[in-house]
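Read off the chains here:
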Amino acid sequence: MKIERNKFADSIFEMHEKGFTYLVKITAVDYQKYLEMVYIFRNLESIEENTLEIDLDPSDLWMPSITNYYKAADWYERELQEMFGVEIKGRNAKRLLLEKWDGKGFPLRKNFEWNKQYETME
Amino acid sequence: MSITRINIGPIHPSTHGVCRLVVDVDGDTIVKVEPHIGFLHRGVEKLVENRMYMQCPPYMEKLDYVAPMSMDDLYVGAVEAALGVEVKERAKYVRVILLELQRLASHLFLIGSVGNDLGLMFTMFMWAFKDRDLILKLLEEATGQRMFYVNMRLGGLVNTLPKDFEEHTIDTLEGLEKRLKKYQAFLEKNPIFIERMKGVGVLKKEDAIDLGVTGPVLRASGVRYDVRKNNPYYVYRELNFSEKVLYDGDNLARFRVRILEMYESMRLIRAAFEKMPEGDEKGMPIRLITPKAKNRIVVVNREVPRGEGLIYMVADPEKAYRLSIRAPSFINLAALEHITKGARIADLFAIFGSLDLVMADVDR
Amino acid sequence: MLIGSLEGIMGNGLSSHNPLVMLLFVVIYAVGVLIIMSAFAYVFGWIERKIIAKIQLRHGPNQVGKYGILQNLADIVKLISKEKAVPSNADRSLFILAPQLMLSLMVFLILLVPIFPSLQVANFGLSMLAIFVLLGFSPLILFVIAFSSGNKFADLSAQRSVLMLMSYEIPMIITVASVFLVSNSYNIQSIVAMQSKTWFAIMLPIGFIVFFIAMLAELERPPFDLMEADSELIAGWLTDVSAPYYAIALFIDYTRMFLGGLLISILFLGGWNGPILPPTVWLIVKAFVIAIFIIIIRASTVRMRIDRVLRLGWVWLIPLALINLVMAYVLFG
């Protein structure tokens, strides 16, 4: 289900109310023109899954945090901040999830420059 | 009392890998545990984006070195879904047998390390490992490798089962079932063991759902969810799989759920042997794969020994455009901070061990 | 006192009135006993490794010497030849001194326990009491090592050791008091002599069990090895102890277990009383049986938690020890 970012908070609230209380996964896909955020939820009573997709403009990468509703989102959000450079707003913990890394850019974005050494190996 | 901050790891015998825990303790009571991860981060998700589909299973296996075949199966399952490959009927049974054997091996690892984490020298560990080795021997018979099998091909497997594999497996399982009862009695008849496990690290049902924990940890908290039951793949429905659920949500429940699952796995293996049709289980040779992705976006989940493994894949014809893995250890480790709140430092590793984490899986 | 006792043991024929000659005798004899006891402790370390290996379906040491008997010696040589590392934030002098203090304490203890019943280095009226005074001293040295090393794990371990001390030392002393009450003496020789007909373990069964459990805790053996709990405290008070100091710790560990076996057999299992075989053999056999039992416990039980140890001490051991004392007074006092 594709939605707009400004309707995201309402959808999350609605989702949580409808019994989709189990967060399966938050992930993102870099389609270069836009970056798609994917939230997969599950209702453990009726075993239904629901997916929310939000397209983000690469120049305006931020998402509201959903840790108020889903504690499980915490580490996923931290991972996304680090791997995709999506700023998650409204979070308390600022620490990086993985250990510090000296390189530039965000590894899972498509414009991430590979190390020259790896290039030759390819 | 003042709060002491102690650092455990990254190299520590009880962390089951390289994980660093920063623990704030007040006397003997834990105030806060902060896991620092990423020591084993290899960027598998990025590597996969740059390789052909069937070049990747070896990477996937190294995610979970305790149960490599399960991760292999998860990945190959995703690729099969993307390319629209049908799995051969006999291969489905063979896969179930091998995967359940893998689950037995993985759970034996946990039973062994439970003793270690509670300070039982290495007795239980060595006993369980001896049995684990018997299972690895079976897997070696079936696949030709002892640990990293790379035995999955699209639509089937690389190797056919050897002739006397069934006989060997049934024999091994018979011995294992007897010894498993002995192991459980050895641990659970010890009042100190029960004292250390019961009511320790309680994770209530609501919290378990909220924290998104998976697999045996979730089922030990009383949530009835098992991918093999609720979203059956292969032949789990035909084999009448029933999920094991306990309601206490403490260390003991997490330990017992796994033992129950082991008995269920043994039953599944025996049933699968009985119902297995004749035929061929060989998969497609790699060079014959037609690079034509049918489905652009694929979501596949499998019950790996550590919990629910899920792959979200955006498929290009020849390789994955984006592959995102939901690692069960990752999300279970995220719950550690909540579970250990208020526990004693002596119980930290009992709880840590009961989550059955593999650090390579956490960091990816 | 020492010389006097030696005179008594060796009889008039050997005794000399020259105090220097007597002192020489005492020193030579003490060194001899020390060597023999160390040899037993050493064999003990080997037996422990072998038995645990057997239980765990391993081979155990089998490369150095016949059946790996020299493995522990190789370990000790390795440890002694290593660099003496002292952590930078440790109290240097205390950190170096404390293990040696512990070693000398152990030597005193060894000399007090009569391995050859007829030849005792120091036989005096309060010899058993002296042993327990020295034994009660050793956890405090452990505490000093832990605090002087300036390590957080050692600190936690030290906190635990204090709590442990509270829970097992009291029942142990109360039970020993019941033995004193029945035997009407503080002297090892007369305690053993009292048991020539019936062992105290049969007369005071509750006391025997309480003493055994308290002794396990005193020896820091599983399930009471909370101070060096490897899964959470790395090695507890031993975390920063390395090289020769660690060798000392290892030596003390094995010696203490042997000593514990000796004490239990002297206090409750009739000491060196026994038919046919010479008394020394009886004593050592009993000590070995006890210690092997302790080893089997080590290989088969999980570790207790500190709050549970406290509860065990105060809810079970202390009341039982008191009941035992009353029973001893009523029945045999």
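What you see is a predicted model; the values in this text were computed from it and never measured.

Caption draft 1: Structural context of the packing of aromatic side chains. Residue and element names in this part refer to chain B. Counted according to the given criterion, the structure contains 32 aromatic pairs over all chains. With a centroid separation of 5.7 Å and an interplanar angle of 65°, the aromatic rings of Phe349 and Phe352 are classed as edge-to-face. Taken together, the positions of Phe349 and Phe352, both in helix H14 (residues 345-354) and three residues apart, correspond to about one turn of that helix. Above the plane of the ring of Phe148 lies Lys62, whose end atom (NZ or CZ) is 4.7 Å from the centre. Positioned over the ring face of Phe129 is Arg132, at 5.2 Å from the centre of the ring.

Caption draft 2: Local environment of helix H2 (residues 19-55) of chain C. Across its 37 residues, H2(C) extends 53 Å between first and last C-alpha, which sits within 8% of the 54 Å expected from 1.5 Å per residue. Within two residues after H2(C), C:Leu57 carries a phi angle of roughly 60°, on the positive side.

Caption draft 3: Main features of the interface of chain B and chain A. Each partner contributes residues to the interface: chain B has 42 residues there, and chain A has 39 residues. For the pair chain B and chain A, the two sides together bury roughly 3500 Å², of which 57% comes from carbon and sulfur. Our count for the contact surface shared by chain B and chain A stands at one salt bridge. Summed over the shared surface of chain B and chain A, the result is 15 residue pairs in polar contact (both at pLDDT 80 or more). Those elements giving two or more residues to the side of chain B that touches chain A turn out to be strand S3 (29-36), helix H1 (44-49), helix H8 (205-211), strand S6 (297-304), strand S7 (307-315), strand S8 (320-326) and helix H12 (328-334) of chain B. Broken down by element, the residue count for the side of chain B that touches chain A peaks at five residues, all from S8(B).

Caption draft 4: Structural view of the interface of chain C and chain B. Each partner contributes residues to the interface: chain C has 26 residues there, and chain B has 34 residues. Together chain C and chain B conceal approximately 2700 Å² of surface at their shared face, both sides included; 61% is due to carbon and sulfur atoms. Put simply, chain C and chain B have three salt bridges between them. When the shortest N-O distance is used, the salt bridge between C:Arg308 and B:Glu195 registers 3.8 Å.

Caption draft 5: Local environment of a negative patch on the surface. Residues and elements named next belong to chain B. The grouping of Glu140, Glu141, Asp164, Glu166, Glu167, Asp171, Glu174 and Glu274 at the surface amounts to a negative patch. Breaking the negative patch down by element, the ones donating at least two residues are helix H5 (123-143) and helix H6 (165-188). Checked against the element boundaries, Glu140 lands in helix H5.

Caption draft 6: Summary view of empty space enclosed by the protein. Applying the stated rule across the entire model yields six cavities of 30 Å³ or more. Lining the largest cavity we find A:Lys25, A:Ile26, A:Thr27, A:Glu79, A:Leu80, A:Met83, A:Phe84, A:Leu108, B:Glu45, B:Arg322 and B:Ser324. Within the residue set of the lining of the largest cavity, elements represented by two or more residues are strand S2 (22-30) and helix H2 (73-84) of chain A together with S8 of chain B. Element by element, the count of residues in the lining of the largest cavity is highest for H2(A), at four residues. Grouping the constituent residues of the lining of the largest cavity by class yields five nonpolar, two polar and four charged. Empty space within the second largest cavity amounts to approximately 50 Å³. Lining of the second largest cavity is provided by C:Pro99, C:Met102, C:Ile145, C:Trp237, C:Leu238, C:Val241, C:Tyr245, C:Ile248, C:Ala249 and C:Ile252.

Caption draft 7: Local environment of the packing of H5(B) against H6(B). Residues and elements named next belong to chain B. Relative to each other, H5 and H6 sit at 165°, their axes nearing to 11 Å. On the basis of their axis angle, the class for H5 and H6 is roughly antiparallel. Where H5 crosses over H6, the handedness of that crossing is left-handed. The residues of H6 that touch H5, namely those facing Thr123, Met124, Trp127, Asp131, Leu134, Ile135, Leu138, Glu141 and Ala142, are Phe165, His168, Thr169, Thr172, Leu176, Arg179, Tyr183, Phe186 and Leu187. Here the residues of the contact of H5 with H6 are counted per class, giving eleven nonpolar, four polar and three charged.

Caption draft 8: Structural view of a nonpolar patch on the surface. All names here are of chain C. Together, Leu181, Ile323, Val326, Met327, Tyr329, Val330, Leu331 and Phe332 make up a nonpolar patch on the protein surface, roughly 740 Å² of accessible area in all. Among the elements that line the nonpolar patch, the one with the most residues is helix H13 (residues 306-332), at seven residues. Looking at the element boundaries, Met327 is found in helix H13. On the basis of relative accessible area, Met327 is assigned to the partly exposed category, the value being 31%.

Caption draft 9: Spatial organisation of the sheet that holds strand S1 (residues 3-8) of chain B. Spatially, S1-S2-S3 (chain B) is the arrangement adopted by the three strands of the open sheet, whose pairing is antiparallel. The sheet is open, and its two edges are formed by S1 and S3 of chain B, each paired on a single side. For this sheet the average axis-to-axis angle between neighbouring strands, irrespective of direction, equals 20°. In the packing of H14(B) onto the sheet, contacts are made with S1, strand S2 (20-26) and S3 of chain B, and the angle to S2(B) comes to roughly 145°. Against the sheet, helix H6 (residues 152-183) of chain C touches S1 and S2 of chain B, its axis set at about 125° to S1(B).

Caption draft 10: Inspection of the environment of B:Ile325 at higher detail. All names here are of chain B. Mapping Ile325 onto the fold places it in strand S8. Look at Ile325 and you get buried, because its relative accessible area is 0%. Sequence spacing of Ile325 and His16 is 309 residues, and the spatial spacing of their C-alpha atoms is 21 Å.

Caption draft 11: Structural detail: the confidence of the model for chain A. All names here are of chain A. For chain A, the average pLDDT comes to 78, and 82% of its residues sit at 70 or higher. Here helix H3 (residues 116-121) is the element of chain A with the lowest mean pLDDT, 46, and S2 is the one with the highest, 88. Across residues 116-122 the pLDDT falls below 50, and counting only partners more than four positions away or on other chains, this stretch makes three contacts in the model.

Caption draft 12: Looking closely at the pattern of salt bridges. Residue and element names in this part refer to chain B. In total, this model carries 43 salt bridges over all chains according to the counting rule given. The shortest N-O distance in the salt bridge between Lys46 and Glu49 comes to 3.7 Å. Taken together, the residues Lys46 and Glu49, both in helix H1 and three residues apart, mark about one turn of the helix. Accessibility classification places Lys46 together with Glu49 in one group, the buried group. Salt-bridge contacts for Lys244 lead to Glu264; the nearest nitrogen and oxygen are separated by 3.4 Å. Pair noted here: Lys244 is in the loop between helix H10 (227-230) and helix H11 (251-275) and Glu264 is in helix H11, with a separation of 20 residues, a long-range link. Its relative accessible area of 6% is what places Glu264 among the buried residues. Taken together, the shared-partner salt bridges in this structure form one network comprising Glu100, Arg103, Arg219, Asp226, Arg228, Glu261 and Glu303.

Caption draft 13: Looking closely at the side chain of B:Arg326. Tracing the sequence through the fold places B:Arg326 in strand S8. Residue class for B:Arg326 comes out buried when judged on its relative accessible area of 0%. A polar atom in the side chain of B:Arg326 sits 3.5 Å from the side chain of A:Tyr76. The residues touching B:Arg326, leaving out its near neighbours within four places in the chain, are A:Tyr22, A:Leu23, A:Val24, A:Lys25, A:Tyr76, B:Gly212, B:Thr214, B:Glu308, B:Gly309, B:Leu310 and B:Ile331.

Conventions we followed
Residues numbered from 1 in each chain as written. Chains lettered and ligands numbered in written order. Predicted model: local features only at pLDDT ≥ 70, side-chain atom pairs only at ≥ 80, totals over all residues. Heavy atoms only, no water. Phe/Tyr/Trp six-rings, centres within 6.5 Å; stacked < 30°, edge-to-face > 60°. Helix = DSSP H or I, 4+ residues; strand = E, 2+ residues; numbered from the N terminus. Lys NZ or Arg CZ within 6 Å of the ring centre and 35° of its normal. Expected span 1.5 Å × (residues − 1). Contact = heavy atoms within 4.5 Å. Buried area = accessible area lost by both parts, 1.4 Å probe. Salt bridge = Lys/Arg side-chain N within 4 Å of Asp/Glu carboxyl O. Polar contact = N/O pair within 3.5 Å; in protein donor to acceptor, adjacent residues only side chain to side chain. Patch = residues over 30% accessible without salt bridge, like charges linked within 9 Å, V, L, I, M, F, W, Y side chains within 5 Å. Areas by Shrake-Rupley, 256 points an atom, 1.4 Å probe, with all protein chains shown as cover. Lys, Arg positive; Asp, Glu negative; His and termini not counted. Charge placed at Lys NZ, Arg CZ, Asp CG, Glu CD. 1 Å grid on protein atoms, 1.4 Å probe; cavity = no way out; pocket = protein on both sides within 12 Å on 5 of 7 lines; lining within 4 Å. Points joined across faces, edges and corners; volume = space filled by probe spheres on them. Nonpolar A, V, L, I, M, F, W, Y, C, P; charged D, E, K, R; others polar. Axes fitted to C-alpha atoms, helices over the stretch in contact; angles between N-to-C directions. Parallel < 35°, antiparallel > 145°, perpendicular 65-115°, else oblique. Left-handed = near helix turned anticlockwise from the far one by under 90°. Buried < 20%, exposed > 50% of the residue type's maximum accessible area, 1.4 Å probe, protein only. Pairing = 2+ DSSP bridges. pLDDT = per-residue confidence, 0-100.

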